[in-house]
Amino acid sequence: MSTEARLREQICLLAKSMFDRGLTGGSTGNISARTEDGGLLVSPTGTSFGRLDPERLSRFDAAGDHVEGDKPTKEMPLHSAFYDTRSTAGAVVHLHSCHSVALSMMPDVNNDNFLPPLTPYGIMKLGRVKLLPFFLPGDPAMGAAVRGLAGKRTAVMLANHGPVVAGKDVEAACNAIEELEDTARLAILTRGMNPRALSEAQVRALITKFDVEWDA
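Because the structure is predicted, anything quoted here is derived from the model rather than measured. (Residues numbered from 1 in each chain as written. Predicted model: local features only at pLDDT ≥ 70, side-chain atom pairs only at ≥ 80, totals over all residues. Heavy atoms only, no water.)

In this section: the pattern of salt bridges. A full pass over the atoms with the stated rule returns 14 salt bridges. Where Glu 4 meets Arg 59, a salt bridge forms, and the shortest distance between an N and an O atom there is 2.8 Å. A residue pair is termed long-range when its members are at least 10 positions apart, and Glu 4 in helix α1 (residues 3–20) and Arg 59 in strand β3 (residues 58–60) qualify at 55 residues. Judged by its relative accessible area of 9%, Arg 59 is buried. Three or more residues joined by partner-sharing salt bridges are found here, namely Glu 4, Arg 8, Asp 37, Arg 59 and Glu 68. (Salt bridge = Lys/Arg side-chain N within 4 Å of Asp/Glu carboxyl O. Helix = DSSP H or I, 4+ residues; strand = E, 2+ residues; numbered from the N terminus. Buried < 20%, exposed > 50% of the residue type's maximum accessible area, 1.4 Å probe, protein only.)

See the structure below:
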């Protein structure tokens, strides 16, 4: 099996795993990954994460031209913005995950640091998550908003919509976006209970020890 064939299989396997566990439903969510030749494999528009076909993934060449496969997701501007501004991005995942969307609707969340510091792993895997305003699905302005961050964030939360996370590869991106949803779930579950979050000193220690992108 070629490297690209393995990547196609991995994309579909990870997407189905997230679908099966209720992290995105119906035909929501999209996923992409860099190929060895600098191109992209992208989930097609209108497809379910539970039923992606490796052979029908949208294929882009290194110049950004769609060369084979089904029509790509309408939210390509989001993916392109991360790849163009973060040289380390090897994959991008976007979900419509319930708890993170619910948290984005709360009036008192921090737009510049969306997730409260409840566990070390949200900090280690995501850094600070930027809450972006609501955009219509497929609006190119979403990509422009990500570009406006100049590659300084690995993850954003689209208000009333869902998270978008870039990672060094597709497995890392999926792991990170799951951590985002888990942290948001903890935040919703403990809302109003005055939970003991990590202290500023503990957060700083994590940032230093694990070389987390944080202060940008």
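In this structure the tally under the stated criterion is three cavities of 30 Å³ or more. A volume near 70 Å³ is recorded for the largest cavity. Residue lining of the largest cavity: Asn 113, Leu 115, Pro 116, Pro 117, Leu 118, Thr 119, Gly 122, Ile 123, Gly 127, Thr 183 and Trp 214, and that is the complete set. Of the residues contributing to the lining of the largest cavity, the split by class is six nonpolar, five polar and no charged. For the second largest cavity, the calculated volume is near 40 Å³. Split into classes, the residues belonging to the lining of the second largest cavity amount to one nonpolar, two polar and four charged. (1 Å grid on protein atoms, 1.4 Å probe; cavity = no way out; pocket = protein on both sides within 12 Å on 5 of 7 lines; lining within 4 Å. Points joined across faces, edges and corners; volume = space filled by probe spheres on them. Nonpolar A, V, L, I, M, F, W, Y, C, P; charged D, E, K, R; others polar.)

Evaluated as defined, the whole model comprises zero aromatic pairs. A cation over a ring is seen here: Arg 34 above Tyr 83, with NZ or CZ 4.8 Å from the ring centre. (Phe/Tyr/Trp six-rings, centres within 6.5 Å; stacked < 30°, edge-to-face > 60°. Lys NZ or Arg CZ within 6 Å of the ring centre and 35° of its normal.)

Using the residue numbers shown here, the UniProt feature "domain: Class II aldolase/adducin N-terminal" (unreviewed entry) corresponds to residues 9–188. Across residues 9–188, helical content stands at 34% and strand content at 17%; the span's end C-alpha atoms are separated by 34 Å. (UniProt positions renumbered as here; feature names shortened; annotations may be inferred.)

Pairing is mixed in the open sheet, where eight strands are placed in the order β4-β3-β2-β1-β5-β8-β7-β6. This sheet does not close on itself; its edge strands, each paired only once, are β4 (66–68) and β6 (130–132). Across the sheet, the axes of successive neighbouring strands diverge by a mean angle of 20 degrees, strand direction being ignored. Relative to strand β2 (residues 40–42), strand β1 (residues 30–34) runs antiparallel, the two sharing three bridges. Counterpart to Ser 32 in the pairing with β2 is Val 42. Running at roughly 35 degrees to β1, helix α2 (residues 76–85) makes contact with β1, β2, β3, β5 (91–94), β7 (155–158) and β8 (162–167) of the sheet. Along the sheet, helix α6 (residues 170–189) makes contact with β1, β5, β7 and β8, crossing β8 at roughly 145 degrees. (Pairing = 2+ DSSP bridges. Axes fitted to C-alpha atoms, helices over the stretch in contact; angles between N-to-C directions. Contact = heavy atoms within 4.5 Å.)

Here we take up the side chain of Ser 58. Of note, Ser 58 is situated in strand β3. Taking the relative accessible area as the measure of exposure, Ser 58 reaches 0% and is therefore buried. A polar side-chain atom of Ser 58 sits 2.5 Å from the main-chain carbonyl oxygen of Asp 70. (Polar contact = N/O pair within 3.5 Å; in protein donor to acceptor, adjacent residues only side chain to side chain.)

Here the largest pocket defines a volume of roughly 330 Å³. The wall of the largest pocket is formed by 14 residues, among which Lys 125, Ala 166, Gly 167, Lys 168 and Ala 172 lie closest to the centre. Those elements giving two or more residues to the lining of the largest pocket turn out to be β8 and α6. With four residues, the top contributor of residues to the lining of the largest pocket is α6. When the residues that make up the lining of the largest pocket are grouped by side-chain class, the tally is six nonpolar, four polar and four charged. Lining the second largest pocket are 13 residues, and of these Leu 103, Asp 108, Val 109, Pro 116 and Arg 191 sit closest to its centre. Class assignment for the residues of the lining of the second largest pocket results in seven nonpolar, four polar and two charged.

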